Amino acid sequence: MTARILVVEDEEALCALLDYNLRKEGFAVQICQDGEEALIAVSEDKPDLVLLDWMLPRVSGIEICRQVRVRGECRDLPIIMLTARGEEDDRIRGLDTGADDYLTKPFSMTELLARVRAVLRRTRPTLSGDVATFGDIILDRETRRVRRSDREVHLGPTEFRLLDCLLQRPGRVFSREQLLDLVWGRDVYVEARTVDVHVGRLRKALNNRGERDPIRTVRAAGYALDETYAN
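Every residue gets a number counted from 1 within its own chain, in the order that chain's sequence is written. Under the rules for a predicted model, residues below a pLDDT of 70 receive no local features and side-chain atom pairs below 80 are neither given nor counted, while totals for whole chains, interfaces and linings still include all residues. Based on all heavy atoms of the structure, the side-chain values leave hydrogens and waters out of the count.

Draft legend 1. Layout of the sheet that holds strand S6 (residues 131-134). For two strands to pair, DSSP has to find at least two bridges joining them. Every helix listed is a DSSP run of H or I at least four residues long, and every strand listed is a run of E at least two residues long, numbered separately from the N terminus. Spatially, four strands are ordered S6-S7-S8-S9 in an open sheet, and the strand pairing comes out antiparallel. The open sheet terminates on both sides in strands that have one partner only, identified here as S6 and strand S9 (151-153). For this sheet, the mean angle separating the axes of adjacent strands, direction not counted, is 25°. Sheet analysis places strand S8 (residues 145-148) next to S9, joined by three bridges and oriented antiparallel. Within the sheet, the bridge partner assigned to Val 146 lies in S9 and is Val 153. Only heavy atoms enter the contact rule, under which two residues are in contact if any of them lie within 4.5 Å. Whenever a helix is involved, its axis is fitted only over the stretch in contact; in every case the axis is a line through C-alpha atoms, and angles between N-to-C directions fall within 0 to 180 degrees. Packing against the sheet, helix H7 (residues 157-168) makes contact with S6, strand S7 (137-140) and S8, and its axis sits at approximately 115° to S7. Seen against the sheet, helix H9 (residues 193-206) touches S7, S8 and S9 and runs at an angle of roughly 170° to S9.

So, in structure tokens, the structure goes:
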């Protein structure tokens, strides 16, 4: 699973703890420490789920939740609120504002991760499931196998992660920098040109002679799975 999670939290120690545990579970993580920064992050590159603190500098978590819910492209964005405000009225207010779940501090990391997985299963089933399909392409995350039509496609580990990333958002254009972060990780230095090499290897493995290429190259932007391929 490589779902992208935006953590909006101003406590540095908690940010570090969330970042470590979420990455350990296989999630890609982005951290914002104030409300204005979070709103910009959501508008520029919509994540798959937001962990949102209630009390934040500049813009509160409740206001962020309210603004996100009135944006057409973000109305379905899963949000889990994290807060020290545990009274029933506060929980109701948070849920009524549009949060999908509510967790009171202090919380156990085990419970948080379970709630993240539960919300993703409900709202982003293609990210939480073991099998992803797109047209005649089937990717099984548990067995690490890929099939196209009636044949098995043999991929290296990097090509497998690259295909998995593209399958999660068919039609979305990923820049080379985004693919580097999602597939290789932020802590690994790899040149952007490396993405082109591995996309070439993925295409060679996926496409037999005469077969339509499901990967679309967008000049000066990056790569995407062609959303018309599955039609």
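Draft legend 2. Structural context of unusual backbone geometry. For the bond from Lys 105 to Pro 106, the omega torsion is -5°, close enough to zero to count as cis. As for its placement among the helices and strands, Pro 106 is situated in the loop between strand S5 (101-104) and helix H5 (109-123). Here Ser 149, not a glycine, exhibits a phi torsion of approximately 55°, which is positive. Structurally, Ser 149 is set in the loop between S8 and S9. Using a 1.4 Å probe on the protein chains alone, a residue whose accessible area is under 20% of its type maximum counts as buried, one over 50% counts as exposed, and one in between counts as partly exposed. Residue Ser 149 is classed as partly exposed on the basis of its relative accessible area of 45%. Positive phi, normally seen in glycine, also occurs at Ala 220, with a value near 65°. Position of Ala 220 relative to the elements: it lies in the loop between strand S10 (215-218) and strand S11 (222-225).

Draft legend 3. Examining the packing of helix H2 (residues 35-44) against helix H3 (residues 61-70) more closely. It is at 10 Å that the axes of H2 and H3 come closest, and there the two elements cross at 20°. Our classification of the angle between H2 and H3 gives roughly parallel. For the pair H2 and H3, the crossing hand works out as right-handed. Of H3, the residues touching H2 (which contributes Gly 35, Ala 38, Leu 39 and Val 42) are Ile 64, Gln 67 and Val 68. Amino acids are sorted into nonpolar (Ala, Val, Leu, Ile, Met, Phe, Trp, Tyr, Cys and Pro), charged (Asp, Glu, Lys and Arg) and polar (every other residue, Gly among them). In the contact of H2 with H3, the residues fall into five nonpolar, two polar and no charged. Working definition: roughly parallel below 35 degrees, roughly antiparallel above 145 degrees, roughly perpendicular at 65 to 115 degrees, and oblique for all remaining angles. Helix crossings are classified by the rotation of the near helix relative to the far one: an anticlockwise turn of less than a right angle makes the crossing left-handed, while a clockwise turn makes it right-handed.

Draft legend 4. Expanded view of H7. Given a helix with a known number of residues, its expected span is that number minus one, times 1.5 Å. In a regular helix each residue adds 1.5 Å, so 12 residues correspond to 16 Å; H7 covers 17 Å between its end C-alpha atoms and thus fits that length. In terms of burial, H7 is largely enclosed, as 10 of its 12 residues are buried. Within H7, burial applies to Thr 158, Glu 159, Phe 160, Leu 162, Leu 163, Asp 164, Cys 165, Leu 166, Leu 167 and Gln 168.

Draft legend 5. A look at the sheet that holds strand S3 (residues 49-53). Spatially, five strands are ordered S2-S1-S3-S4-S5 in an open sheet, and the strand pairing comes out parallel. Here the strands that pair on one side only, and so sit at the sheet edges, are strand S2 (28-32) and S5. Neighbour-to-neighbour, the strand axes of the sheet open up by a mean angle of 20°, direction not taken into account. In this structure, strand S4 (residues 79-83) lies alongside S5, joined through four bridges in parallel fashion. Paired with Ile 80 across the strands is Asp 101, a residue of S5. Strands in contact with helix H1 (residues 12-24) are strand S1 (4-8), S2, S3 and S4; relative to S2, the strand with the most contacts, it is inclined by about 165°.

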